[in-house]
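Close look at the chain arrangement
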Amino acid sequence: MKALNSAHIRRSIISLTYLLSHQNPNSKLFSNQSWLKSTQGKPLKKWPKLNHPPKQPTPLFPPLPTNPTIPNYCPTTFTTICNILRDPTILPGPILENALDKAEIEVNECMFLELFTYFDSSPKPLFTLYLWAEKKEWFKFSVAVFNGMVNALGKEREFDSAWNLILDRLSSAERPNLDTFAIMVRRYARAGMLFPAVRTYEFSSNLEIHDLGLEDNLFEILLDSLCKEGHVREASEYFYRRKGQDSNWSPSVRVYNILLNGWFRSRKLKKAERLWAEMKKEGIKPSVVTYGTLVEGLCRMRRVEMAIELIGEMKDEGIDPNAVVYNPIIDALGEAGRFKEASGMMERLLVLESGPTLSTYNSLVKGFCKAGDISGASRILKMMINRGFMPTPTTYNYFFRYFSKFGKIEEGLNLYTKMIESGYVADRLTYHLLVKMLCEQDRLDLALQIIQEMRAKGFDLDLATSTMLIHLFCKMNQFDEAVEWFQDMIRRGLVPQYLTYQRLCNDLRKQGMIEKAEKLRNRMVSTPHSEKLPNTYIEDGDSSHTRRKSIIEKAEEMSNILQTCRSPRQLVKRRTPLENAVLSANQLIENISKRVDLV
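Here the residue numbers are simple positions, counted from 1 along each chain's written sequence. Local features in this predicted model are restricted to residues whose pLDDT is 70 or higher, and side-chain atom pairs enter the listing and the counts only when it is 80 or higher, whereas totals over whole chains, interfaces and linings include all residues. Only hydrogens and water are removed before side-chain values are computed, so all heavy atoms of the structure are retained for them.

Quick look at the UniProt feature "repeat: PPR" (unreviewed entry) in the protein chain
Here, UniProt's "repeat: PPR" (unreviewed entry) annotation points to residues 252–286, 287–321, 322–356, 357–391, 392–426, 427–461 and 462–496. Helix and strand definitions here come from DSSP, where helices need a minimum of 4 consecutive H or I residues and strands a minimum of 2 consecutive E residues; each element is numbered from the N-terminal end. Here residues 252–286 is 74% helix and 0% strand, with 10 Å between the C-alpha atoms at its ends. End-to-end, the C-alpha atoms of residues 357–391 are 11 Å apart, and along that stretch the chain is 74% helix and 0% strand. UniProt positions are given in the numbering used here, feature names are shortened, and annotations may be inferred rather than shown by experiment.

As for the packing of aromatic side chains
The criterion for an aromatic pair is that two Phe, Tyr or Trp rings (for Trp, the six-membered ring) have centres within 6.5 Å, with stacked assigned to planes under 30 degrees apart, edge-to-face to planes over 60 apart and tilted to the rest. With the rule as written, the count across this model stands at 27 aromatic pairs. Through a chain of ring-to-ring contacts, the aromatic side chains of Tyr201, Phe219, Tyr238, Phe239, Tyr240, Trp249 and Tyr256 assemble into a single cluster. The ring of phenylalanine 219 has arginine 242 lying over it, and the distance from NZ or CZ to the ring centre is 4.5 Å. Sitting over the face of the ring of tryptophan 249, arginine 242 holds its NZ or CZ atom 4.2 Å from the ring centroid. Throughout this description, the term charge over a ring refers to an Arg CZ or Lys NZ atom that lies within 6 Å of the ring centre and within 35 degrees of the ring normal.

Section: helix H27 (residues 514–525)
Helical geometry: 3.6 residues make up each α-helical turn, so side chains three or four residues apart lie on a common side. To estimate how far a helix should reach, multiply one less than its number of residues by 1.5 Å. With 12 residues, H27 extends 17 Å from end C-alpha to end C-alpha; this agrees with the ideal 16 Å at 1.5 Å per step. Throughout this description, buried means an accessible area under 20% of the type-specific maximum (1.4 Å probe, protein chains only), exposed means over 50%, and partly exposed covers the range between. Every buried residue of H27 is listed here: Ala517, Leu520, Arg521 and Met524. Across the axial projection of H27, the buried residues extend over an arc of 100°, all falling on one side. In this structure, H27 carries Glu515 and Lys519 as exposed residues pointing more than 90 degrees from its buried face. The secondary structure elements touched by the buried residues of H27 are helix H25 (479–491) and helix H26 (498–510). The arc refers to the directions leading from the helix axis to the C-beta atoms. Residue contacts are defined here by distance: any two heavy atoms, one from each residue, within 4.5 Å place the two residues in contact.

A word on the packing of helix H15 (residues 304–316) against helix H16 (residues 323–335)
To describe two helices that pack against each other, one gives the angle between their axes and the distance between the axes. The contact between H15 and H16 brings their axes to 10 Å, and the two run at 160°. With respect to H16, the element H15 is oriented roughly antiparallel. The crossing of H15 and H16 is left-handed. Contacts between H15 and H16 involve Val304, Ala307, Ile308, Ile311 and Met314 from the first element and Val325, Tyr326, Ile329, Ala332 and Leu333 from the second. Under this grouping Gly is polar, as are all residues other than the nonpolar Ala, Val, Leu, Ile, Met, Phe, Trp, Tyr, Cys and Pro and the charged Asp, Glu, Lys and Arg. Classifying every residue of the contact of H15 with H16 by side-chain character gives 10 nonpolar, no polar and no charged. Here an axis means a line fitted to C-alpha atoms, over the contact stretch when the element is a helix, while the angle between two N-to-C directions is reported on a 0 to 180 degree scale. Should an angle lie under 35 degrees it is considered roughly parallel, over 145 roughly antiparallel, and from 65 to 115 roughly perpendicular; all remaining angles are considered oblique. Here a crossing is called left-handed whenever its near helix is offset anticlockwise from the far helix by less than a right angle, and right-handed whenever the offset is clockwise.

What to know about unusual backbone geometry
Positive phi, close to 50°, is recorded for glutamate 104, a residue that is not glycine. Looking at the secondary structure, you find glutamate 104 in the loop between helix H3 (94–103) and helix H4 (109–118). Judged by its relative accessible area of 72%, glutamate 104 is exposed.

Some details on the nonpolar core
What makes a nonpolar core is a set of buried Ala, Val, Leu, Ile, Met, Phe, Trp, Tyr and Cys residues whose side-chain atoms join them at distances within 4.5 Å. Counting residues in each nonpolar core, the largest one holds 163 residues, and the members touching the most others are Phe112, Leu115, Tyr130, Met149, Ile329, Phe399 and Phe400. Considering every element that reaches this core, the biggest residue donor is helix H8 (residues 178–190), with eight residues.

Some remarks on the side chain of threonine 395
Turning to its location among the elements, threonine 395 is positioned in helix H20 (residues 393–405). Residue threonine 395 is classed as buried on the basis of its relative accessible area of 0%. Non-local contacts of threonine 395, meaning those with residues more than four positions away in its chain, are made with Leu358, Asn362, Val365, Leu381 and Met384.

Points about the pattern of salt bridges
In what follows, salt bridge is the name for a side-chain nitrogen of Lys or Arg lying within 4 Å of a carboxyl oxygen of Asp or Glu. Tallied over the entire structure, the rule returns 27 salt bridges. Where lysine 135 meets glutamate 97, a salt bridge forms, and the shortest distance between an N and an O atom there is 3.5 Å. Residue lysine 135 is found in the loop between helix H5 (123–134) and helix H6 (143–155), and its partner glutamate 97 is found in helix H3; the two are separated by 38 residues along the sequence. A cluster of three or more residues bridged by salt bridges with shared partners is formed by Asp331, Glu335, Lys366 and Lys370.

Right, dumping it as structure tokens:
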């Protein structure tokens, strides 16, 4: 790989800076607690025992693999860092750096990566930790750690900080790699910032990091990221632009697969059909993934019969269907409650050499849970275990979705307890579903216990979980705790939603906690927030009350007019330049008047 000269780097940085700045504005287990027991109505479902002797019912929680991997770091040091990062009194910046200095600790690559998993919703403390470590003699640069930091910043849309890291490393011996820019492209696309996503790809194309044709890989990542976020039209236009600029460029079948998938996800069947015809015209040989994409897209649009017909076309093309093709059909049939047909498809898949996959069984579990047939879902779970497939958190989360949807607290917590007792680790979605269910049922005490378990397992609270908890604190009149969680969100780099801030401030004022409300307002004034949110953090505290009063007065006035007015023309005389909405509603008023006349 050729080294970059300073002039080349300088031109690239200037180009990137200009393009991005001129973008378009567009802890204890719950084993014996009473709330796990069913005291009224139908008793809880008895899950099979954990033992698995021959010819006995298969347990829902099969034994876990032995010899778990031992982390390559001192657990005591890891716990010390976690406690420091979670301490609400230690703010990111110099205060956090001083606390880390006093702890006299060292952080290796393995520990860094684990911390990114634990605190991926806390970019500010992580960023301070990374910058602090860079200054130490024991720090060794690792692209994996570097990319982990870039990803954490990009996830919370701290793009300026991420670019500062990237640009500082461009002239070093160990520079950012292709994965670094792939992360930025994905995060920009996730944030709906299409222009920066495209320009990031083009910027990286000038850095001579695309060895062995890897530039096409990043191009595919760009198109895939745009399509997955619903911007398939923009992805398609950029694809044809590049195709027109370079007549020697031959797009891979993967590019067409990505665009096909994008059009299907956008429910644009005609667009997908045109692209499919274009592939055939240009002699692009479809792969099994292509057919899998077509089948999945048709199933997503509830055209299962058309998808089944494609299996015959595949065989005519000499392509053997596999689980990639069968899984979407089984999933769609299960979603529609057509379990007999889904089982038939499963039997067809069983005779193939590849056979069903974990996703196949998960699709059936999902279908039964969605239909409310927990017994059926349990049978599929036993079947997959008997055939050597280890259930994952995703498998069990379908049960948790059902329990959360119908507010079945006891059943949900019972399943969670059995999972933990059996040695399984719940994932982030499991905890979110449990917290959501408990918050909706106003079970604050249990929600806090689940959150404590969540944090102990290494999952920090994200924006949605924190918001639900704050609203529940307000509902339960525990305003001190609500303020504490609100400030903890800001400390970790999460910007609370404006409605959450507004509700908390209003409730504090109603309770006479004027000083707390003012402190909260001052904190939000200095907190950068998304421009997509209402820019009212710095308004006067009483403005919301005035605005609400004005809306109510206008509504009452309009109500009085409608009670006596029988002609829309009378409303025109009453309108003001700011009340053009009344004029646009004339047709509606005429309809109301006709109904009044008929009475």
